[in-house]
Amino acid sequence: MQIQIDRKDMKQFNKMVKKAIKNSPQETDQLLKETALHIKSQSKQLQIPKTGFLRKKITTGTSKEGYEVSSTADYSIFEEFGTRYRPAKPFFRPAIEKGMTFLEKEIKQRFNY
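Starting from 1, residues in each chain are numbered consecutively following that chain's sequence as written. Since the coordinates come from a predicted model, pLDDT governs what is reported: local features require at least 70, and pairs of side-chain atoms require 80 or more to be given and counted, while whole-chain, interface and lining totals use all residues. Side-chain metrics in this entry use all non-hydrogen atoms of the structure; hydrogen atoms and water are not considered.

1. Quick word on the overall build of the protein chain
Here's step 1: For the purposes of this entry, the term helix denotes a DSSP run of H or I that reaches at least four residues, the term strand denotes a run of E that reaches at least two, and both are numbered from the N terminus. Within the protein chain, the regular secondary structure consists of five helices and two strands.
Here's step 2: Along the protein chain, helices and strands appear, N-terminal first, in the series α-α-α-β-β-α-α.
Here's step 3: By residue count, 30% of the 113 residues in the protein chain fall in the buried class.
Here's step 4: Residue contacts are defined here by distance: any two heavy atoms, one from each residue, within 4.5 Å place the two residues in contact. Of the contacts made within the protein chain by residues no fewer than 6 positions apart, 58% connect residues no fewer than 24 positions apart. Throughout, exposure labels follow a simple rule: accessible area from a 1.4 Å probe, protein chains only, divided by the maximum for the residue type, with under 20% read as buried, over 50% as exposed, and the rest as partly exposed.

As structure tokens, then:
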């Protein structure tokens, strides 16, 4: 399972990130890596139960787009969105929201935006 952020809905945020990349590409790259790790950590903390196979299958990596956080457990989508037999136990979307808040705060602090 992988959830991506729609860039069209984040125009102002993207402008801020692009400005940070232009002004300090290495520091921005490090911050994006930290954000991916933050999302990974948050998604593990938000899981119920907090132990097990699903937690071990949440990973970070890189792609041609940048850093990514994903879950390789086949059933993670059912945990996130639920089924007709069991309710959703979201762990990924809330972690992404917290990660975006973290990223925005850090960009403002580190780059004085």
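2. Re the nonpolar core
Here's step 1: Membership of the largest hydrophobic core is limited to ten residues, which are Ala36, Ile39, Leu54, Ile58, Val69, Ala73, Phe91, Phe92, Ala95 and Ile96.
Here's step 2: Residue assignment for this core shows that the elements contributing at least two residues are α2 (25-46) and α5 (92-111).
Here's step 3: With three residues, the single largest contributor to this core is α5.
Here's step 4: The term nonpolar core refers to a set of buried residues drawn from Ala, Val, Leu, Ile, Met, Phe, Trp, Tyr and Cys, joined through side-chain atoms within 4.5 Å. With nine residues, the next largest nonpolar core counts Val17, Leu103, Ile107 and Phe111 among its residues.

3. So, the pairing of strand β2 (residues 66-71)
Here's step 1: A pair of strands is labelled paired if DSSP reports no fewer than 2 bridges between them. Note: strand β1 (residues 58-63) against β2, six bridges, orientation antiparallel. Bridge pairing in β2 places Ser63 opposite Gly66.
Here's step 2: What sits between β1 and β2 in their antiparallel hairpin is a turn of two residues.

4. Some thoughts on the packing of aromatic side chains
Here's step 1: Side-chain rings of Phe, Tyr and Trp, where Trp is taken by its six-membered ring, are said to pair if the distance between their centres is within 6.5 Å; with planes under 30 degrees apart they count as stacked, over 60 as edge-to-face, and otherwise as tilted. Tallying each qualifying case throughout the model produces two aromatic pairs.
Here's step 2: Taken together, a centroid distance of 6.3 Å and an interplanar angle of 25° make the contact between Phe53 and Tyr75 stacked. Of this pair, Phe53 sits in helix α3 (residues 53-56) while Tyr75 sits in the loop between β2 and α4 (76-81), and the two are 22 residues apart along the sequence.
Here's step 3: Each ring, one from Phe91 and one from Phe92, has its centre 5.8 Å from the other, and the planes form 80°; the classification is edge-to-face.

5. As for a nonpolar patch on the surface
Here's step 1: On the surface, a nonpolar cluster with roughly 490 Å² of combined accessible area is contributed by Phe53, Tyr75, Ile77, Phe78 and Phe81.
Here's step 2: Tallying contributions element by element places α4 first for the nonpolar patch, with three residues. What makes a patch is a set of residues exposed beyond 30% relative accessible area and free of salt bridges, joined within 9 Å when like-charged and within 5 Å when nonpolar (Val, Leu, Ile, Met, Phe, Trp, Tyr). All accessibility values rest on the Shrake-Rupley procedure with a 1.4 Å probe; residue burial counts only the protein chains present in the view. We define a salt bridge as a side-chain nitrogen of Lys or Arg found within 4 Å of a carboxyl oxygen belonging to Asp or Glu.

6. A word on helix α1 (residues 11-23)
Here's step 1: How far a helix is expected to stretch is found by multiplying one less than its residue total by 1.5 Å. Relative to the 18 Å expected for 13 residues at 1.5 Å per residue, α1 spans 18 Å between its end C-alpha atoms, a close match to the ideal helical length.
Here's step 2: All buried positions along α1 are accounted for by Phe13, Met16, Val17 and Ala20. Projection of α1 onto a plane perpendicular to its axis shows the buried side chains occupying an angular sector of 95°, all on one side. Across from the buried face of α1, at angles greater than 90 degrees, the exposed residues are Lys11, Gln12, Lys15, Lys18 and Lys22.
Here's step 3: Against the buried residues of α1 lie α2 and α5. Our arc is simply the arc of the directions from the helix axis toward the C-beta atoms.

7. Notes on the packing of α2 against α5
Helix packing geometry: the angle between the two helix axes and the distance between the axes.
Here's step 1: To obtain each axis, a line is fitted to C-alpha atoms, and for helices this fit is confined to the stretch in contact; angles are then taken between N-to-C directions over 0 to 180 degrees. Taken N-terminus to C-terminus, the directions of α2 and α5 make an angle of 150°; their axes are 8 Å apart at the nearest point. Classified by the angle between their axes, α2 and α5 sit roughly antiparallel to one another. As for the relative orientation of α2 and α5, their crossing is right-handed in sense.
Here's step 2: Broken down by class, the residue content of the contact of α2 with α5 amounts to 13 nonpolar, six polar and five charged. Each angle receives one of four descriptions, namely roughly parallel if under 35 degrees, roughly antiparallel if over 145, roughly perpendicular if within 65 to 115, and oblique otherwise. What makes a crossing left-handed is the near helix being turned counterclockwise from the far one by less than a right angle; a clockwise turn instead makes it right-handed. Each residue is assigned to one class: nonpolar for Ala, Val, Leu, Ile, Met, Phe, Trp, Tyr, Cys and Pro, charged for Asp, Glu, Lys and Arg, and polar for all the others, Gly among them.

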